[in-house]
Amino acid sequence: DQQVKQNSPSLSVQEGRISILNCDYTNSMFDYFLWYKKYPAEGPTFLISISSIKDKNEDGRFTVFLNKSAKHLSLHIVPSQPGDSAVYFCAASGISNFGNEKLTFGTGTRLTIIP
Amino acid sequence: GAVVSQHPSWVICKSGTSVKIECRSLDFQATTMFWYRQFPKQSLMLMATSNEGSKATYEQGVEKDKFLINHASLTLSTLTVTSAHPEDSSFYICSVSLGGSGRFLTDTQYFGPGTRLTVL
């Protein structure tokens, strides 16, 4: 049961344009959402997050939007740069059966920025 | 942040053998480390939470007798895949938590580069 879904396995965007990565979730108990970026042969690195009490969080070129009613979030990167080419993972945070915090990841979207 | 290393970066072993993967926090004393597994075209799945000095907490469906986790020091956690089989072939990745046991520690997780295990 995939509780966090990234339906686009890949995305190509022209340099300077806006990149929009989408993520859907099914578990209404998730209350904190994160985006991670992963380069080849490296571990994921934290990019930006948003609490469920907000609908937008911005950090420089990166903005995350949350639509709780639709259980949908998106990451906007503008303007896109070649260094943004990576795999982006959406993750949702909730409490596990053991009472500790747990991350549930999506399958990732490979973003390629075309120079 | 925290720098996390894993060793080895890749390993090939025969079916039935055991493989140990190390996760080291190089510049931070981590009381909590996480072990994830990622199969091809699938998401990272949390296997277990490793707590220094105590037993690991395993997620549902993860066999604790097969995936032995030892977190004997604040800088080292090991995952041993015992009696490995081809279906255990996967990408194993650890992370270090800086946030202790409170909520929203997840944005302070720092990941290692991962270990690719191939069981023949």
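An account of the accompanying structure is given in this report. (Residues numbered from 1 in each chain as written. Chains lettered and ligands numbered in written order. Predicted model: local features only at pLDDT ≥ 70, side-chain atom pairs only at ≥ 80, totals over all residues. Heavy atoms only, no water.)

**Details of the overall build of chain B**
Our working definition: Only runs of H or I of at least four residues qualify as helices and only runs of E of at least two qualify as strands under DSSP, and these elements are numbered from the N terminus. All radius of gyration figures rest on C-alpha atoms, and the globule criterion is 2.2 Å times the number of residues raised to 0.38. Accessibility here uses a 1.4 Å probe with only protein chains present; expressed as a share of the type maximum, an area under 20% marks a residue as buried, one over 50% as exposed, and anything in between as partly exposed. Any two residues whose heavy atoms approach within 4.5 Å are treated as being in contact. Only the protein chains shown count as cover for residues, and all accessible areas are computed by the Shrake-Rupley method using a 1.4 Å probe. We treat Lys and Arg as the positive residues and Asp and Glu as the negative residues; His and chain ends play no part in the count. To locate a charge, take NZ of a lysine, CZ of an arginine, CG of an aspartate or CD of a glutamate.
The helix and strand inventory of chain B stands at zero helices and eleven strands. Ordered by position in the sequence, the α and β elements of chain B form the string β-β-β-β-β-β-β-β-β-β-β. Against the compact-globule benchmark of 14 Å for 120 residues, chain B has a radius of gyration of 13 Å, which places it among compact chains. Seen through its C-alpha atoms, chain B measures out along the principal axes to roughly 40 × 25 × 25 Å. Burial statistics for chain B: of 120 residues in total, 50% are counted as buried. Of the contacts made within chain B by residues no fewer than 6 positions apart, 55% connect residues no fewer than 24 positions apart. As presented, chain B carries roughly 5700 Å² of accessible surface, and 54% of it is formed by carbon and sulfur atoms. Side-chain charges of chain B comprise 10 positive and 9 negative groups, with the mean position of each set lying 5 Å from the other.

**Description of the interface of chain A and chain B**
Let me state the cut-off plainly: Simply put, the buried area is the total loss of 1.4 Å probe accessible area from both parts when two parts are fitted together. Whenever a carboxyl oxygen of Asp or Glu lies within 4 Å of a side-chain nitrogen of Lys or Arg, that contact is scored as a salt bridge. Residue classes follow a fixed rule: Ala, Val, Leu, Ile, Met, Phe, Trp, Tyr, Cys and Pro count as nonpolar, while Asp, Glu, Lys and Arg count as charged, and any other residue, Gly among them, counts as polar.
Taken together, the contact between chain A and chain B spans 26 residues of the former and 25 residues of the latter. For the pair chain A and chain B, the summed buried surface comes to about 1900 Å²; carbon and sulfur atoms form 58% of the total. At the boundary of chain A with chain B, the tally comes to one salt bridge. Measuring nitrogen to oxygen at the nearest pair gives 2.9 Å for the salt bridge that ties A:K102 to B:E59. Put simply, the parts of the chain that give the side of chain A that touches chain B at least two residues each are β4 (32–38), β5 (45–51), β9 (86–95) and β10 (101–105) of chain A. Within the side of chain A that touches chain B, the residues separate by chemical class into eleven nonpolar, ten polar and five charged.

**Description of the state of the cysteines**
Put simply, the test is: Cysteine sulfur atoms that come within 2.5 Å of each other are treated as a disulfide pair.
For the structure on display, the rule yields two disulfides over all chains. Note that A:C23 is cross-linked by a disulfide to A:C90, the S-S spacing being 2.0 Å. Residues A:C23 and A:C90 share a disulfide whose torsion about the S-S bond is about -70°; that sign makes it left-handed. In this pair, A:C23 is assigned in strand β3 (residues 19–25) and A:C90 in strand β9, connecting sequence segments 67 residues apart. What makes A:C90 buried here is its relative accessible area of 1%. Here B:C23 engages in a disulfide with B:C94; their sulfurs sit 2.0 Å apart. Here the S-S torsion is close to 80°, and the disulfide linking B:C23 with B:C94 is therefore right-handed. Highlighted residues: B:C23 in strand β3 (residues 19–25) and B:C94 in strand β9 (residues 90–97), separated in sequence by 71 residues.

**So, the packing of aromatic side chains**
In plain terms, the rule: Stacked, tilted and edge-to-face pairs are distinguished by plane angle, under 30 degrees for stacked and over 60 for edge-to-face with tilted covering the rest, among Phe, Tyr and Trp rings (Trp via its six-membered ring) whose centres lie within 6.5 Å.
Under the counting rule described, the total for this entry stands at eleven aromatic pairs over all chains. Relative to A:F105, the ring of A:F89 has its centre 6.3 Å away and its plane inclined at 85°; by these criteria the two rings are edge-to-face. Linking A:F89 in strand β9 with A:F105 in strand β10, this pair joins segments that are 16 residues apart in sequence. Assessed through its relative accessible area of 3%, A:F89 is described here as buried. Among the aromatic residues, those joined into a cluster by ring pairs are A:Y36, A:F46, A:F89, A:F105, B:F34, B:Y36 and B:F111.

**Some points on the nonpolar core**
General note: in soluble globular proteins, nonpolar side chains tend to be found buried as a group. Here is the rule: The nonpolar core is taken to be a set of buried Ala, Val, Leu, Ile, Met, Phe, Trp, Tyr and Cys residues, with the residues joined through side-chain atoms within 4.5 Å.
Judged by nonpolar contacts, the single largest core of 24 residues is most densely connected at B:W35, B:Y58, B:F67, B:I69, B:L79, B:Y92 and B:L117. For this core, the secondary structure elements donating two or more residues are β2 (10–13), β3, β4 (32–38), β5 (45–51), β7 (67–73), β8 (76–81), β9 and β11 (115–119) of chain B. Each residue touching B:L117, except ones within four places of it in the same chain, is listed here: B:V11, B:C13, B:V19, B:V81, B:D88, B:S89, B:S90 and B:Y92. Counting 23 residues, the second-largest nonpolar core is a separate cluster that includes A:V4, A:Y25, A:W35 and A:F62.

Coordinates in, geometry out; function isn't part of it.
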